[in-house]
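Topology and contacts: notes
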Amino acid sequence: MKLAKRIAAVLLATSAIVMGAGSTNAANIAVVGGKNDDAFWNIIKKGLDDARLVVQANGGSVNYLRLQTYDNFAPDVVQLIRTAISQGVNGLVIPNWVPEAEDPAIQDAIKAGVTVILMNAGGQDKAIKLGAINYVGSDEYIAGKAGGEYFAKHGKKNVLCVNTVPGAANLEARCKGVIEGITKQGGAAKQLPLPATSFGDPTAVAEAIKATLLQDASIDGLITISAGDADSAAIGVTQAGKTETVMLGTFDLNQSGLDRIKGRTQGFAIDQQPYLQSLLAVTLLASAIDFGTDLPTAPVLTGPSIVDASTINATLAGVKKGAR
């Protein structure tokens, strides 16, 4: 709650500056994001649409450049960056998903006079290295650590972090944070890396979790690296007969997970609050372009926000408005 209040204060202060002064250099911003049918990136769009009102009030514009598919991921992201440069934008909000592919294009944008903020993926160290003015998003290790501490606070002693994409740096950081978060509180945890063939296969994920829980009766907490995997995990936990003893947690939100939290069959979810990522990234970037403002806080973290039984009703209200 304190984090949310601080972020809200920053946003209100920035909006007041933007709305209260004239602009001689209106922000023309491009935002790169995921597919139209990706629910996470539609929440990003809600934050972007709300931020656009502030930008347009000062004569600027915001263009959302979305991937059409994820089949040719890295080259398509680079092409969207190149498209933004060709459109003559003076601001770019970009997730640094694939650094080895994106970094040269981002650096070309900066050389062309485009002011850049990294959002959602990349982190502050990468922002500094590239020359971006800030990073707005979540720190995966910190988010994981919060999850591990949550388990410990609720009496869990042995936690399993299920990773369906082992080797991915951001997901490894999530599990690393969970493990260190609970071990520092006297508990234990380990990662369950599933084979690549399990990714996107709910049955395989559920079966692997069921088998692991049946093999190790001491496991009393389980966390997945995505909301979709939590759906599979819930089935695995049920099939293992462990619903009453194993607390289920996950990173990110979906409706089925929120329903389980409401029904007390899932303990919690760790929300990186994507609405805030785009809302803050776009308004902070526009203010920097329009008025030369600078935010001394870097990075601007939008999570972790823990959604559990104590916060589920407020979260569901946000879901109805498209912001959670």
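Structure: see above.
Here we summarise the structure given alongside this text. Quick caveat, the model's predicted, so the values are computed rather than measured. (Residues numbered from 1 in each chain as written. Predicted model: local features only at pLDDT ≥ 70, side-chain atom pairs only at ≥ 80, totals over all residues. Heavy atoms only, no water.)

What follows concerns the sheet that holds strand S1 (residues 28-33). Taken together, the six strands give an open sheet; going across it, the order is S2-S1-S3-S4-S5-S11, and neighbouring strands pair in parallel fashion. Two strands close off the open sheet at either side, each with one partner strand: strand S2 (61-66) and strand S11 (300-301). Sheet topology note: the strand S4 (residues 115-119)/strand S5 (residues 135-137) ladder contains two bridges and is parallel. The residue of S5 that forms the bridge with Met 119 is Val 136. Along the sheet face, helix H11 (residues 274-291) touches S1, S2, strand S3 (91-94), S4, S5 and S11 and points at about 165° away from the line of S4. (Pairing = 2+ DSSP bridges. Helix = DSSP H or I, 4+ residues; strand = E, 2+ residues; numbered from the N terminus. Contact = heavy atoms within 4.5 Å. Axes fitted to C-alpha atoms, helices over the stretch in contact; angles between N-to-C directions.)

Inspection of the entire model under this criterion finds six aromatic pairs. Measuring from ring centre to ring centre gives 5.4 Å for Trp 41 and Trp 97, while their planes differ by 75°; the resulting arrangement is edge-to-face. Taken together, the residues span a long stretch of sequence, with Trp 41 in helix H2 (residues 39-57) and Trp 97 in the loop between S3 and helix H4 (99-111) at a distance of 56 residues. Given the relative accessible area of 5%, Trp 41 is considered buried. Through successive ring pairs, a cluster of aromatic residues spans Phe 40, Trp 41, Tyr 70, Phe 73 and Trp 97. Sitting over the face of the ring of Tyr 70, Lys 35 holds its NZ or CZ atom 5.1 Å from the ring centroid. (Phe/Tyr/Trp six-rings, centres within 6.5 Å; stacked < 30°, edge-to-face > 60°. Buried < 20%, exposed > 50% of the residue type's maximum accessible area, 1.4 Å probe, protein only. Lys NZ or Arg CZ within 6 Å of the ring centre and 35° of its normal.)

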